Amino acid sequence: MINSLFMLGGSYNKDRKISILFLTAWILYMLINYDFSLGLAFPLINAIVLLTVTISINLISNKKVNTIMSIFSILIWSIIIDIVCFYMFPMMSAGQSLINYILQGILFNYKYIFVNIVAICGINLIILLKKNIVKRFSKNKNICENI
């Protein structure tokens, strides 16, 4: 779940500094939890795939498309990393076909789409509340100045 939220924060095109913070947190989180049984190749590939996905999504200027792609970033990353791992680390696939291996990754990660949707709704709710509070405050300020 944390990976999904870090990926969402990294790809959701609201503020570049926040995106960089989330990307850095995701990479640090991955390195802290990685056991290095596959050497340095896997975390390096994982970071490259993450950066490719998040930068690609960040380059989308349409807000609605960016939001949708950010929500699904966990699945996009999952599919790409599964394809890479299937060929580079065949022992991870346990004799499954590529399609089955990818489907297993999708089945494992699809639930995080709902976490991302809740996070986006929360972000938009906070933005909406902030706008309403500022609007009311400026209205009250104008009323007080007229008195």
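The rules behind these values
- Residues numbered from 1 in each chain as written.
- Predicted model: local features only at pLDDT ≥ 70, side-chain atom pairs only at ≥ 80, totals over all residues.
- Heavy atoms only, no water.
- Buried < 20%, exposed > 50% of the residue type's maximum accessible area, 1.4 Å probe, protein only.
- Helix = DSSP H or I, 4+ residues; strand = E, 2+ residues; numbered from the N terminus.
- Polar contact = N/O pair within 3.5 Å; in protein donor to acceptor, adjacent residues only side chain to side chain.
- Contact = heavy atoms within 4.5 Å.
- Core = buried A, V, L, I, M, F, W, Y, C linked by side-chain atoms within 4.5 Å.
- 1 Å grid on protein atoms, 1.4 Å probe; cavity = no way out; pocket = protein on both sides within 12 Å on 5 of 7 lines; lining within 4 Å.
- Points joined across faces, edges and corners; volume = space filled by probe spheres on them.
- Nonpolar A, V, L, I, M, F, W, Y, C, P; charged D, E, K, R; others polar.

### Some words on helix 1 (residues 2–11)
Then step 1. Among the 10 residues of helix 1, seven are classified as buried, and the element is accordingly described as predominantly covered.
Then step 2. Among the residues of helix 1, those classed as buried are Ser-4, Phe-6, Met-7, Leu-8, Gly-9, Gly-10 and Ser-11.

### Observations concerning the side chain of Ser-4
Then step 1. Tracing the backbone shows Ser-4 in helix 1.
Then step 2. A distance of 2.7 Å separates polar atoms of two side chains, one belonging to Ser-4 and the other to Asn-116.
Then step 3. Residues contacting Ser-4, with those up to four places away along its chain left out, are Ile-74, Tyr-112 and Asn-116.

### With respect to the nonpolar core
Then step 1. In terms of nonpolar packing, the biggest core is built from 27 residues, with Trp-26, Ile-74, Trp-77 and Ile-81 touching the most fellow members.
Then step 2. Secondary structure elements with two or more residues in this core: helix 1, helix 2 (16–33), helix 3 (41–58), helix 5 (73–88) and helix 7 (111–146).
Then step 3. Of all the elements, helix 3 adds the most residues to this core, at seven residues.
Then step 4. What Trp-77 contacts, discounting residues up to four positions off in sequence, is Met-7, Trp-26, Asn-46, Val-49, Leu-50, Val-53 and Asn-109.

### Some points on the layout of surface pockets
Then step 1. Within this model, the largest pocket holds a volume of roughly 470 Å³.
Then step 2. Around the largest pocket, the lining is made up of 22 residues, and of these Asn-3, Phe-42, Asn-46, Trp-77 and Phe-108 lie nearest the centre.
Then step 3. Counting residues per element, the ones that place at least two in the lining of the largest pocket are helix 1, helix 2, helix 3, helix 5 and helix 6 (98–109).
Then step 4. Top element by residues in the lining of the largest pocket is helix 5. It accounts for six residues.
Then step 5. Class assignment for the residues of the lining of the largest pocket results in 14 nonpolar, seven polar and one charged.
Then step 6. Taken as a whole, the second largest pocket encloses approximately 200 Å³ of empty space.
Then step 7. Together, 10 residues line the second largest pocket, and Gly-9, Tyr-12, Ile-18, Phe-22 and Ile-123 are the ones closest to its centre.
Then step 8. When residues of the lining of the second largest pocket are traced back to their parent elements, those giving at least two are helix 1, helix 2 and helix 7.
Then step 9. Looking at the lining of the second largest pocket, the element that brings in the most residues is helix 1, giving three residues.

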